[in-house]
Amino acid sequence: MSALLTMGGVRVRYGARDVLHGLSLELARGELVALMGPSGVGKSTALRVIAALQPFDEGTIAVDGFALSPGPVPPESRLVPLRRRVGLVFQAHALFEHLTALDNVTLAPRIVLRKSKAEAETAAMQLLATLDVGARANAWPRELSGGEAQRVAIARALAVDPPLLLMDEPTAALDPARRGALGTTLRHLREQGRSLLVATHDAEFARAYADRVVTLN
Amino acid sequence: MLTTRLALSLVATLPLQGQSPRILVWGGDAEGGAPFVEADPANPSQVRGFDVEVAARIARGIGDRTARFVQVQWSNIDQSVERGDFDIGMSGVEDTPARRAQHAVTLPYFEFREVLAVRPQDAGRVHGLADLRGKRVATLGATIAYELLERARDSVGLIAISYDDDVHPYADLVTGRVDAVLLDHIIAQRALRRAGGNAFVIVSSPVAIGHYVGVLAHTHAALRDSIDHALREAMRDGSLEQIFRRWNVWDDGEGAFFERVLRGGQGTAASATGPKGLAQVVAYLPSLARAAGVTLVASALSMLLAVVVGLGLASARVYGSSWVRMLATVYVEVIRGTPLLLQLFVIYYGLAGVVRLPAFLAALLALGLNYAAYEAEIYRGALEAVARVQLEAARTLGLSEIQILRLVRGPQALRYALAPMTNDFVALLKDSALVSVITVVELTKQTAIYATNVGSWVVPGLLCALVYLAMSLPLARLARRLERRWSASSSRGSA
């Protein structure tokens, strides 16, 4: 299996402090990797540099042939190929407050992939149903529970069909039953051939569902 | 000029308490200028003019008193004299039935003619108001001349334009902003001398005849009677004639007028008697409604301009390069740091040499561009209040910066901005009263005209306040509702 994501010696500094000191990592297609380590060790930072939300100082990153270089984050116009390859589910789900669950999911397919409204909504409803939140399609983000909001956020990230899905602390707001359901969902996604990199400090969850655990320290 | 007026008003606001009975305090407006009252160029803390000398003659005639001048805005003379700010108000105060009904008014001491001034090329064509159908005719607000024009608006179909001073109507006549000016002949003659003698033509046949009087508080009928006595004496002994001759305002007509007054044959009041009581209120309702419409339309259009320009400025401050940000910041600070009134004058009069904007358009521009600075700050704050993670989420989905602004950041910022915007619109509604200084008759100006005509602010003031409240209260309510609604949703929606 060829690597979908390759990171070599990635270093991020905040002033004099190293947040990431030389992270190297390979993620194969269809692989679910847990990125572990105590709080503040740079798990979220690692996800953010892969998603080109913040710059890194040294090293190399490539996602399915698209390479990022150290230094300032390039303008969005140059990141279009990366945006098609990488989806990110934020810890605080970050659903758009002014849109319903369904509109959150259809926004990118309609605007970025230029799908018709009907086409985007049919696909979104399927996705929401698969994630067991089909009934909440017309709810506002403020009306969703933590677990529901997170699954809508996953649906939103998957709606543009990225081969790599990054997730930041997905179990943080979930009760044990919901944690199990999430794990099943992630495995299901992996079985469809998607690669997942999940930052978590939940060792039990990582052991139960990840193919491999990478520990930062 | 400004320092002169300041000095005058400082002198003028000296308290009256404990004043000597040997002094007659009289109020007038030195801004009106010569030949009525003006600051003496040789000694700007002193005033001169025929009204100054008439006041001195009256003071001498009622027991050897000396006259002391108090500066008062011309349109407020009646209210000020009732408040007791001075004994008698003068400086071109017109004899009207309303004034006689509300105050103690002296004998008329000068007869003037309401005359039309037109541009030289119109001189052969215009002989009276009837020749001015569809034309813009300017005058000083709250005068007999304005009343004449208001009546002619309905009967002849001319457009009456009200000014706050008697200089700019003639300046605007020369530049073509208005087609004619109707004012007292001595004001017209002075303006013609200033403009160089052939910039416009004064139509020889007068539109109406009026008289200047002194006005006293209605409780001061006894003082008025002794002033009337002094005025008759000054007409008889020729001292009044001498004063008017010195100021070049004497002609044969004045002599005949004096004779009529001394014979007791001079009636009062130039204008027709209007309705009284409730009928009077009803008679004014249409013009108040029209003025309220002007206020509402001017405010709504200005707000539209303010929103559009404000959005541009806010985007420049949030997204622009460093020099674009700096330009936008300079605009916002200059506009917020200078008075709206100054901006109005600059746009209407200051730019007149470059572009002669119609008054209403100038008002829209001034209000709109002024409020744009405040809107820009609201929008900038609202844009910056949208959580960063919302923008990052949009970015990871592949939206461009423009799409993010249009579909995510803009709509969310709008929620934060709506309540303060509504508050600003209420403020704009009230600030629009300022545009009356550039001849736009809106609600407050119309109320002032109404109040001057009826001689009281009570009913006009109440009516005006009711109309403003009717326009602003629903908006204030809307702002409160929006605030409650969005604050409830955003406190739960953002993590």
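**Side note on the overall build of chain A**
Phase 1: If you tally the helices and strands in chain A, you get 7 helices and 9 strands.
Phase 2: For 217 residues, the compact-globule formula gives about 17 Å, and the C-alpha radius of gyration of chain A, at 17 Å, lands near that figure.
Phase 3: Along the first, second and third principal axes, the C-alpha atoms of chain A reach 45 × 40 × 35 Å.
Phase 4: For chain A, buried positions account for 45% of its 217 residues.
Phase 5: Long-range pairs, those at least 24 residues apart, make up 68% of the contacts in chain A between residues at least 6 apart in sequence.

**Some points on the sheet that holds strand β5 (residues 66–68) of chain A**
Residue and element names in this part refer to chain A.
Phase 1: If you trace the 4 strands from one edge of the open sheet to the other, you get β2-β1-β4-β5, paired in antiparallel fashion. Two strands in the sheet have a free side with no partner beyond their single neighbour: β2 (17–28) and β5. Averaged over all neighbouring strand pairs, the angle between strand axes comes to 20°, with direction disregarded.
Phase 2: Here strand β4 (residues 58–63) pairs with β5 via 3 bridges, running antiparallel. Looking across to β5, one finds that valine 63 is bridged to phenylalanine 66.

**Considerations on the confidence of the model for chain B**
All names here are of chain B.
Phase 1: Of the residues in chain B, 91% have a pLDDT of 70 or more, and the chain-wide mean is 87.
Phase 2: The low-confidence segment residues 1–18 (pLDDT under 50) makes 15 contacts with residues lying over four places distant or belonging to another chain.
Phase 3: Below pLDDT 50 for its whole length, residues 491–495 participates in 8 contacts with residues either more than four positions away or in separate chains.
Phase 4: We note a pTM of 0.71 for the whole complex and an ipTM of 0.94 for its interfaces.

**What about the sheet that holds strand β9 (residues 212–215) of chain A?**
Residues and elements named next belong to chain A.
Phase 1: Within the open sheet, the 5 strands sit side by side as β6-β7-β8-β3-β9. Their pairing is parallel. A single partner strand is all that each edge strand has here, and the edge strands are β6 (86–89) and β9. This sheet shows a mean twist of 20° between the axes of neighbouring strands, independent of strand direction.
Phase 2: Here strand β7 (residues 164–168) runs beside strand β8 (residues 195–199); their pairing, made up of 5 bridges, is parallel. Paired with methionine 167 across the two strands is valine 198, which belongs to β8.
Phase 3: In the packing of helix α1 (residues 43–50) onto the sheet, the strands contacted are β3 (32–36), β6, β7 and β8, and the crossing angle to β8 comes to about 145°.
Phase 4: Packing of helix α6 (residues 176–191) onto the sheet brings it into contact with β3, β7 and β8, and relative to β8 it is tilted by some 150°.

**Focus: the environment of threonine 106 of chain A**
Residue and element names in this part refer to chain A.
Phase 1: Relative to the helices and strands, threonine 106 resides in helix α3 (residues 101–111).
Phase 2: Separated by 64 residues in the primary sequence, threonine 106 and glycine 42 have C-alpha atoms spaced 32 Å apart.
Phase 3: When neighbours within four sequence positions are excluded, threonine 106 is seen to be in contact with Ala120, Glu121 and Ala124.

**Looking at helix α9 (residues 239–246) of chain B**
Residue and element names in this part refer to chain B.
Phase 1: Of the positions making up α9, those classed as buried are Leu240, Ile243 and Phe244. Down the axis of α9, the sector holding all buried residues measures 95°, keeping them to one side.
Phase 2: For α9, the secondary structure elements touched by its buried residues are α2 (50–61), α8 (221–236) and α10 (252–263).

Reading the values: the criteria
Starting afresh in each chain, residues are numbered from 1 along the sequence in its written order. To label them, take the chains in the order written and letter them from A, then take the ligands in the order written and number them from 1. Two thresholds apply to this predicted model, a pLDDT of at least 70 for residue-level local features and 80 or more for giving and counting side-chain atom pairs, whereas whole-chain, interface and lining totals are computed over all residues. Secondary structure elements follow DSSP: runs of H or I no shorter than four residues count as helices, runs of E no shorter than two count as strands, and numbering proceeds from the N terminus. Here the globule rule reads 2.2 Å times residues to the power 0.38, and the radius of gyration is calculated from C-alpha atoms. Burial is judged by counting the other C-beta atoms within 10 Å of a residue's own C-beta: 20 or more makes it buried, 12 or fewer makes it exposed, and any count in between marks it as partly exposed, with every C-beta position built from the backbone. Two residues qualify as being in contact provided that their C-beta atoms, derived from the backbone, are within 7 Å of each other. When DSSP finds at least two bridges between two strands, those strands are taken to pair. Axis lines are fitted to C-alpha atoms, over the contacting stretch for helices. Their N-to-C directions set the angle, which ranges from 0 to 180 degrees. The pLDDT value expresses, per residue, how confident the predictor is, ranging between 0 and 100. Taking the helix axis as origin, the arc is that swept by the directions to the C-beta atoms.

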